[in-house]
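What follows is each chain in one-letter form.
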There are 2 protein chains.
Amino acid sequence: MVKISDVAREAGVSVATVSRALNGLATVNPEYAQRVHIAAEKLGYRGNAIARGLRRRKTDMLALIISDVANPFYTAIARGVEDVAENSGYSVILCNADEDAAKESRYLRAVEIGQVAGVILSPHSGTTDVSRLRAADVPLVVVDRPLAEPVDSVMVQSVDGARAATRHLLDEGWRRPACVTGPADAATALDRLHGYRLALADSGLGIAERFVHGQFSQADGAAGASALIDGAEPPDSFFAANTQLALGVIAELRARGLRIGQDVGLIMFDDAPWAPFIDPPISVVAQPAYEIGVHAARLLLSRVTGAEAGPARDLVLSTELVVRGSSRRVPT
Amino acid sequence: MVKISDVAREAGVSVATVSRALNGLATVNPEYAQRVHIAAEKLGYRGNAIARGLRRRKTDMLALIISDVANPFYTAIARGVEDVAENSGYSVILCNADEDAAKESRYLRAVEIGQVAGVILSPHSGTTDVSRLRAADVPLVVVDRPLAEPVDSVMVQSVDGARAATRHLLDEGWRRPACVTGPADAATALDRLHGYRLALADSGLGIAERFVHGQFSQADGAAGASALIDGAEPPDSFFAANTQLALGVIAELRARGLRIGQDVGLIMFDDAPWAPFIDPPISVVAQPAYEIGVHAARLLLSRVTGAEAGPARDLVLSTELVVRGSSRRVPT
DNA sequence: GTGAAAGCGCTAACAA
DNA sequence: TTGTTAGCGCTTTCAC
């Protein structure tokens, strides 16, 4: 490893001057700066981020802790974050909490002692403990799911989106829509269920609620759909709270020989690359995932640099109803 | 921030003893160790990974640089890596190179100066420059795509898998299979094309090759299929070299009203969660993505800890042909 | 504008 | 076994 003192010797100046020159501090003789840069180049000097971080007491890394790398929604957020961070000279490290509270807290801890400049977190639940992070004064932005305490956040209008989706089902003529949602301790699951209920109430049709909770997984989507279908008054349509649940619902419907878009309607929260290719194409409530990442990163960076002080800010982005074939009610 | 000296004072011992006790070095009086742990607990001591890294000249972080976070194949690898790393007390930071050589080299650089214990890389191309990494003596394991130089690697039998897929198409009775593959500078694209060609030659049927290169993207999959169909002797079946390409092929086939599994056959390399839900379900050559991650992490860790010295090792995992509906040739 | 020197928090020699 | 001390490579006062 070539270090700063090597460059200093090569350039015939002090290490302090090398440091200043390399960091672009204006207070250095242009000629010396030139010499330093040439020497650094010649020696292939890379610097040592660890040492720099130790001294500066912070790094130029942002941590993004997401709930599930396998979910394209989160990876889209990641790309938004990365693009913004990169433009500002920060790198972002991705941590996969895997919907696991223990893993999440381990990463939170690692990140805390790892001295990152800031963290963006999609919390496992509203009770995720970020107190140490806040005590350590590490800027934090929460995405997708809110936290109990006041903290910068970038959310999506889950309730409105779910409401619009359900209303759309009703508008198409379906009369017994059901909601297959996530765990009762996940805000997103609750919000989407809430929107569904609101739409039912809005309609004034006196339609009974049909819903089921489960993990955000394909298996639980299938199980939920199965339970609903086997119930007293089986649903004629489904609103799935995310793509994994929807995949399960689709599987169950297929297994029972129910034709989507004819015998039964379906719409899901969150878009997916494969959604248009299912037969029929799946209607969705699309979320601006990439933009969530962009906004979160901008907000975080403004806190990191101190450009923004003040109280916690909450950004709420809206969703978009994308009607494809699955929610249509085709008279047979 | 509470530091080691604070703990030392609280416990009434020296910083060295605190360090030893906390790191579980056996050479410390149990009573002192006890006091240290209590003091650390009381003060909420977290340690400073930066300082530790600086002094030890290495960290307990592994870097995983993948080509595309949005591709479930890579995220599955990531989970394998994480699980192994975690069990050995390492954390893994994920970097998304996004199929972009510039981004890749930036991460490689960041990782190099960031002093990670080791890196797992799915290289953008065979010419990715890892010389500095090797010069810096950072253990490296390459996955999915090979590098020109000798380096530990974990690969999949792409050629065999592609060959089996194509042979299956032939066995089903398709007589004009085409291959839609990735860029000509990607080894995986080439290997899969090669396997396709081999199967054609194996058959002894004198079938003409039909293939097209493109980016590993949905758009290029559609364009490729379109070009092939508009060619002189249009294919009666397709082998897509990855899931994104396959999605494009499916879109194009749909757009032209061609019924998969009847008018035309389809099989793709790599499985996907949505594959069984397309109508008809898509046949695939499944890759053991998670296992790739597991093996890569184990190999890397054995290098990191010095348990394994010797020359570069190359692991090659086999694929599995999963026949669903799309490759079947149903007499109409 | 420049350099000497003092640490950042930690671990590892080295003594005791 | 324990404590003292010397750095890891860098940035940043503080004199000059």
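What counts and how
- Residues numbered from 1 in each chain as written.
- Chains lettered and ligands numbered in written order.
- Predicted model: local features only at pLDDT ≥ 70, side-chain atom pairs only at ≥ 80, totals over all residues.
- Heavy atoms only, no water.
- Helix = DSSP H or I, 4+ residues; strand = E, 2+ residues; numbered from the N terminus.
- Rg over C-alpha atoms; globule rule 2.2 N^0.38 Å.
- Buried < 20%, exposed > 50% of the residue type's maximum accessible area, 1.4 Å probe, protein only.
- Contact = heavy atoms within 4.5 Å.
- Areas by Shrake-Rupley, 256 points an atom, 1.4 Å probe, with all protein chains shown as cover.
- Lys, Arg positive; Asp, Glu negative; His and termini not counted.
- Charge placed at Lys NZ, Arg CZ, Asp CG, Glu CD.
- Phe/Tyr/Trp six-rings, centres within 6.5 Å; stacked < 30°, edge-to-face > 60°.
- Lys NZ or Arg CZ within 6 Å of the ring centre and 35° of its normal.
- Near = heavy atom within 4 Å.
- Polar contact = N/O pair within 3.5 Å; in protein donor to acceptor, adjacent residues only side chain to side chain.
- UniProt positions renumbered as here; feature names shortened; annotations may be inferred.
- Buried area = accessible area lost by both parts, 1.4 Å probe.
- Salt bridge = Lys/Arg side-chain N within 4 Å of Asp/Glu carboxyl O.
- Nonpolar A, V, L, I, M, F, W, Y, C, P; charged D, E, K, R; others polar.
- Least-squares fit on C-alpha atoms with pLDDT ≥ 70 in both.
- 1 Å grid on protein atoms, 1.4 Å probe; cavity = no way out; pocket = protein on both sides within 12 Å on 5 of 7 lines; lining within 4 Å.
- Points joined across faces, edges and corners; volume = space filled by probe spheres on them.
- Pairing = 2+ DSSP bridges.
- Right-handed = clockwise from strand over helix to strand, strands pointing away.
- Expected span 1.5 Å × (residues − 1).
- Axes fitted to C-alpha atoms, helices over the stretch in contact; angles between N-to-C directions.
- Parallel < 35°, antiparallel > 145°, perpendicular 65-115°, else oblique.
- Left-handed = near helix turned anticlockwise from the far one by under 90°.

An unreviewed UniProt entry annotates chain A as LacI family transcriptional regulator of Pseudolysinimonas yzui.

## Some details on the overall build of chain A
Of the regular secondary structure elements, chain A holds 12 helices and 12 strands. For chain A, whose C-alpha radius of gyration is 25 Å, the value lies well above the compact-globule estimate of 20 Å for 332 residues. For chain A, the C-alpha atoms occupy an extent of roughly 85 × 40 × 30 Å along the three principal directions. Expressed as a percentage of the 332 residues in chain A, the buried residues total 54%. When contacts within chain A are restricted to residue pairs at least 6 apart in sequence, long-range pairs at least 24 apart make up 68% of them. Accessible area of chain A: about 13,800 Å², with a carbon and sulfur share of 50%. Distance between charge centroids for chain A: 6 Å, based on 34 positive and 39 negative side chains.

## A closer look at the packing of aromatic side chains
Tallied over the full model, the rule gives two aromatic pairs over all chains. Across the ring face of W174 of chain A, the terminal group of R329 of chain A is positioned such that the distance to the ring centre comes to 5.4 Å. If you follow R192 of chain B out to its NZ or CZ, it ends over the ring of F269 of chain B, 3.9 Å from the centre.

## Section: the protein's contact with DNA strand D
Neighbouring residues of DNA strand D: 25 residues in total, closest I4 and Y45 of chain A together with T17, N29 and R57 of chain B. Near the protein, meaning within 4 Å, the atoms of DNA strand D are sugar or phosphate in a fraction of 67%, with bases accounting for the rest. At a separation of 3.0 Å, a phosphate oxygen of DNA strand D approaches a polar side-chain atom of R52 of chain A. Contact distances for DNA strand D include 2.7 Å between a base oxygen and a side-chain N or O atom of R55 of chain A.

## Focus on the UniProt feature "domain: HTH lacI-type" (unreviewed entry) in chain A
Per the UniProt annotation, the sites labelled "domain: HTH lacI-type" (unreviewed entry) are residues 2-56 of chain A. Within the segment residues 2-56 of chain A, helix and strand shares are 69% and 0% respectively, and the terminal C-alpha atoms sit 20 Å apart.

## What about the interface of chain B and chain A?
On the chain A side, the residues contacting the 44 residues of chain B number 42 residues. Both sides together, the interface formed by chain B and chain A hides about 4,200 Å², and carbon and sulfur atoms give 55% of it. Contact with chain A buries surface across chain B, with R46, I50 and F277 of chain B losing the most and accounting together for 20% of the total. In this assembly, chain B and chain A are joined by six salt bridges. Note that D68 of chain A is salt-bridged to R79 of chain B, the shortest N-O span being 3.4 Å. Our count for the contact surface shared by chain B and chain A stands at nine residue pairs in polar contact (both at pLDDT 80 or more). Of all the elements in the fold, those that place two or more residues in the side of chain B that touches chain A are helix 4 (49-56), helix 5 (72-87), strand 2 (91-96), helix 6 (101-113) and helix 11 (243-255) of chain B. A per-element tally of the side of chain B that touches chain A places helix 6 of chain B first, with six residues. By residue class, the composition of the side of chain B that touches chain A is 19 nonpolar, 11 polar and 14 charged.

## Structural notes on the relation of the copies chain B and chain A
Of the transformation placing chain B onto chain A, the axial shift is 0.1 Å and the rotation is 180°, giving an RMSD of 0.1 Å. In the structure described here, the two chain copies are related by an operation that fits a two-fold rotation axis. Comparing interface residues between copies, 95% of those in chain B also sit at the interface in chain A, which points to an isologous, same-surface contact.

## Topic: the protein's contact with DNA strand C
Near DNA strand C, the surroundings consist of 25 residues, among which T17, N29 and R57 of chain A together with I4 and Y45 of chain B are the closest. Take the atoms of DNA strand C that sit within 4 Å of the protein: sugar and phosphate atoms are 68% of them. S14 of chain A places a polar side-chain atom, nitrogen or oxygen, 3.1 Å from a phosphate oxygen of DNA strand C. Here a phosphate oxygen of DNA strand C and a backbone polar atom of N48 of chain B are 3.2 Å apart. Where the surface near DNA strand C is concerned, the elements lending two or more residues are helix 2 (15-22) and helix 4 (49-56) of chain A together with helix 2 (15-22) and helix 4 of chain B. The dominant element in the surface near DNA strand C, judged by the number of residues it contributes, is helix 4 of chain B, at four residues. Of the residues contributing to the surface near DNA strand C, the split by class is nine nonpolar, eight polar and eight charged.

## What about the layout of surface pockets?
Estimates place the volume of the second largest pocket at around 860 Å³. Contributing to the lining of the second largest pocket are 37 residues, with A70 and P72 of chain A together with A70, P72 and P273 of chain B lying nearest its centre. Of all the secondary-structure elements, those providing two or more residues to the lining of the second largest pocket are helix 5 (72-87) and helix 11 (243-255) of chain A together with helix 5 and helix 11 of chain B. The residue inventory of the lining of the second largest pocket, partitioned by class, reads 18 nonpolar, 12 polar and seven charged.

## A look at the pairing of strand 6 (residues 177-181) of chain B
Residues and elements named next belong to chain B. Counting buried positions along strand 6 gives five out of five residues, so the element sits mostly inside the fold. Because side chains alternate across strand 6, one face comprises the buried residues P177, C179 and T181, and the other comprises A178 and V180, equally buried. Direction of pairing for strand 6 relative to strand 8 (residues 237-240): parallel, over a ladder of four bridges. Across the sheet, the residue bridging to C179 is F239, located in strand 8. Of the crossover connections in this fold, the one passing from strand 6 over helix 9 (residues 187-203) to the parallel strand 7 (residues 211-213) is right-handed.

## Observations concerning helix 10 (residues 218-229) of chain B
Residue and element names in this part refer to chain B. With 12 residues, helix 10 should reach 16 Å at 1.5 Å per residue; the first-to-last C-alpha distance of 17 Å fits that figure. Here helix 10 has its buried residues at G221, A222, G224, A225, S226, L228 and I229. Where helix 10 is buried, its residues contact strand 6, strand 7, strand 8 and helix 11.

## A closer look at the packing of helix 8 (residues 158-171) of chain B against helix 9 of chain B
All names here are of chain B. Following both chains from N to C, one finds helix 8 and helix 9 inclined at 45°, their axes separated by 7 Å at the closest point. Here helix 8 is positioned oblique relative to helix 9, judged by the angle of their axes. Crossing of helix 8 over helix 9 shows right-handed handedness. Side by side, helix 8 and helix 9 meet where S158, V159, A162, R163, T166, R167 and L170 of the first sit next to D191, R192, H194, G195, Y196, L198, A199, L200, D202 and S203 of the second. For the contact of helix 8 with helix 9, the per-class residue count stands at seven nonpolar, five polar and five charged.

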